[in-house]
Amino acid sequence: MKVADHLLRRLREWGVEHVFAYPGDGINGILAAWGRAGDRPRFIQARHEEMSAFQAVGYAKFSGRTGVCAATSGPGAIHLLNGLYDAKLDHVPVVAIVGQTDRSAMGGAYQQEVDLLSLYKDVASDFCEMVTVPEQLPGVLDRAMRIAAARRAPTALIIPADVQELDYTPPAHAFKQVPSSLGTGPYAPVPSDDAVARAAEILNAGEKPAILIGQGARGARAEVEEVAGRLGAGVAKALLGKDALPDTLPYVTGSIGLLGTRPSYEMMRDCDTLLVIGSSFPYSQFLPEFGQARAVQIDIEPALVGLRYPFELNLVGDAAETLRRLVPLLERRTDGAWRESIRQGAERWWEVMERRARVPADPVNPEYVVHALDGLLPGDVMLTADSGSAANWYARHLRFRDGMRGSLSGTLATMGPGVPYAIGAKFAHPGRPAIALVGDGAMQMNGLAELITAAKYHGEWSDPRLVVAVLNNRDLNQVTWEMRAMQGAPQFEASQSIPDVPYAAVAAHFGLGGERVERPEDVVPAWRRALAADRPYVIDFRTDPAVPPIPPHATWDQIKATAGAVLRGDSDRGAVLRQGLKAKAQEFLPGGGGGGKG
């Protein structure tokens, strides 16, 4: 047995079923071992190493297990980095296995020689190690798997090419040998009883409580509902926690922040008590004013408590276990006026979203594209969204129900993970449908090539449905609007305008389904055909770049300044711009969530 053989055997013993990877001579020894192992764990071939890392992240996010990716030395290892940083910033367990030049060549400025230990020092800061002798392998691999799972972080294992082909020798019962073992037992840290009691005192004293949840609350749905019910609180959700609680609950206000909803913004503006559960939401300006609210935070990661807001109390512990201890100490609130105001605000918001979706556009309103999908979502759907204006519509127009899952690149906010996330999700749950909402910029950057991966593997999925919806407006739209809103600058065509690509036709060349939609009346039928297809399906929605993804807290002065930037750049866009501003104006109309202001 070679070192590479034992590597794959040990991965199987850890329960690893898929490795998302791309080949290269720096891992030839491992590839040969894969052939001897009968392709177990399964080698899933992406079109680019960055996509392999994104697929591993998507797999981990949707399965709750550790994702594993592999790449060759030098350029392959470098390509993994963006996906691994996505895992690091979103706290996702991923193990990267990368090759390296032979030990005898190290330090000799050899071909593809890169100092990988230094390169990976930050992205895999929790654990990164190079195997130099066979006896080292099991301990290093076991630690990489264990630390990735325990700390919800990427780790890295570097194996030089010559080491891969050495005869494997296990560590001995001897000095300076490190034997190892498999497994990580479940654990759920909890704060002290005194700290929980103090948290209850703070929360019981409030009259207008608000709760903010993130992905750390995903396993604590029942406990969050119980706490919210006792306190009479509304619940806002950070984007990574969008699937942690159904949007159909009347006290759930939806997403928060730049891509958030107006009722979430107003709840934070008016509350006097704040409980944050499992979220490191970064934008403090969307939280209550300093001194306005007494605040408590619960997070399992000690390094992440106390950030973003002057919390009166920080509790380090598992969300579900901590909330179970907290619930009996909470007083049940009988005055329902605060929660009723939250319910009414959320109800008005969804009416606003419907009106905004109906605003005419040239040729199709992107808000209508996503709003129309809301009522057609399968109950077990897995949704991904790419970074850009597509994330706005994902955050605001899709109401998650029981059993639905969704994710995007939350903290890194990188372009390009939408399609590879969905592919990783399909390997996690091949019997569930997946939908990726992507902009045309992200589709051109990464998504087109990964359609080849979907074409290669979809026959293995018991439910072959993977729908890729491309919002094709020929503009890098989110940055265009940010420049207008923040810099007062008109569109800079040289950087923002991108080619019109026949995405559906490309998909058809790969043996997939697809169609282009250029009329509003064709949107719903296209969604229905895609969700009934027997293979992955691409819908090329021709959408209007003039529909603005303006944040919920925008004032009319900011909106007018943005309009001025558009008109300075192109006086012919006035009519289209008015349609976009009309969409935003829906929030300010009587009964439209803005109380008639403006």
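The rules behind these values
Residues numbered from 1 in each chain as written. Predicted model: local features only at pLDDT ≥ 70, side-chain atom pairs only at ≥ 80, totals over all residues. Heavy atoms only, no water. Pairing = 2+ DSSP bridges. Helix = DSSP H or I, 4+ residues; strand = E, 2+ residues; numbered from the N terminus. Axes fitted to C-alpha atoms, helices over the stretch in contact; angles between N-to-C directions. pLDDT = per-residue confidence, 0-100. Contact = heavy atoms within 4.5 Å. Core = buried A, V, L, I, M, F, W, Y, C linked by side-chain atoms within 4.5 Å. Buried < 20%, exposed > 50% of the residue type's maximum accessible area, 1.4 Å probe, protein only. Phe/Tyr/Trp six-rings, centres within 6.5 Å; stacked < 30°, edge-to-face > 60°. Lys NZ or Arg CZ within 6 Å of the ring centre and 35° of its normal. Arc of directions from axis to C-beta.

(A) The sheet that holds strand β3 (residues 67–71), seen in detail. Strand order in the open sheet made by the six strands is β2-β1-β3-β4-β6-β5, with parallel pairing throughout. The open sheet has two free edges, formed respectively by β2 (42–45) and β5 (128–130), since each of these has just one partner strand. Averaged over all adjacent pairs, the angle separating strand axes in this sheet is 25°, with direction ignored.

(B) Examining the confidence of the model for the chain more closely. Of all residues in the chain, 93% have pLDDT values of 70 or greater, and the mean over the chain is 92. For the stretch residues 590–598, pLDDT sits under 50, and the model shows 23 contacts to residues farther than four places along the chain or on other chains.

(C) Representation of the nonpolar core. Of all hydrophobic cores here, the largest spans 55 residues; its most connected members are L80, Y120, M443 and V468. Examining the composition of this core, we find that eight residues originate from one element, helix α3 (residues 49–63), more than from any other. Contact partners of V468, with chain neighbours within four places excluded, come to V419, A436, V438, M443, L451, Y537, V538 and I539.

(D) Summary view of the packing of aromatic side chains. On inspection of all chains with the given rule, the structure shows 12 aromatic pairs. In textbook terms, an aromatic cluster arises when at least three aromatic residues are bridged by ring pairs, as seen for F20, Y59, F427, Y457 and W461. One cation-aromatic arrangement involves K242 over Y394; the distance from NZ or CZ to the ring centre is 5.7 Å. Directly above the aromatic system of W350 lies the positively charged group of R399, at a separation of 4.8 Å from the ring centroid.

(E) How the structure looks around the pairing of strand β4 (residues 94–100). By the criterion of burial, β4 is predominantly enclosed, with seven of the seven residues buried. Side chains V94, A96, V98 and Q100 project from β4 onto one buried face, and the interleaved V95, I97 and G99 project onto a second face that is buried too. Two strands pair when backbone bridges link them, and β4 and strand β6 (residues 154–160) are joined in this way by seven bridges, in the parallel orientation. Looking across to β6, one finds that V95 is bridged to T155.

(F) Spotlight on helix α21 (residues 523–531). Of all the residues in α21, the buried ones are V523, A526, W527, A530 and L531. All buried residues of α21 fall inside an arc of 130° around its axis, so they share one side. As for α21, its buried residues are in contact with α14 (366–374), β15 (434–439), β16 (466–472), β17 (513–517) and β18 (537–542).

(G) Quick look at unusual backbone geometry. Here the amide bond leading from R40 into P41 is cis, since omega sits at -5°, within 30 degrees of zero. Residue placement: P41 occurs in the loop between α2 (28–36) and β2. The omega torsion across D362 and P363 is 0°, close enough to zero to call that bond cis. Relative to the elements of secondary structure, P363 occurs in the loop between α13 (337–358) and α14. Unlike most non-glycine residues, R152 shows phi in positive territory, near 50°. Topologically, R152 is positioned in the loop between α7 (137–151) and β6. In this structure, K176 is a non-glycine residue whose phi angle is positive, near 60°. Relative to the helices and strands, K176 resides in the loop between α8 (161–164) and α9 (193–205).

(H) Looking closely at the sheet that holds β16. Taken together, the six strands give an open sheet; going across it, the order is β14-β13-β15-β16-β18-β17, and neighbouring strands pair in parallel fashion. Where the open sheet ends on each side, the last strands, each with one partner, are β14 (405–408) and β17. Strand-to-strand, the axes of this sheet are offset by a mean angle of 15°, without reference to chain direction. The pairing of β15 with β16 spans six bridges and is classified as parallel. From the neighbouring strand, G439 faces β16, where its bridge partner is L471. Across the sheet, α14 is in contact with β13 (382–385), β15, β16 and β18; its angle to β15 comes to roughly 170°.

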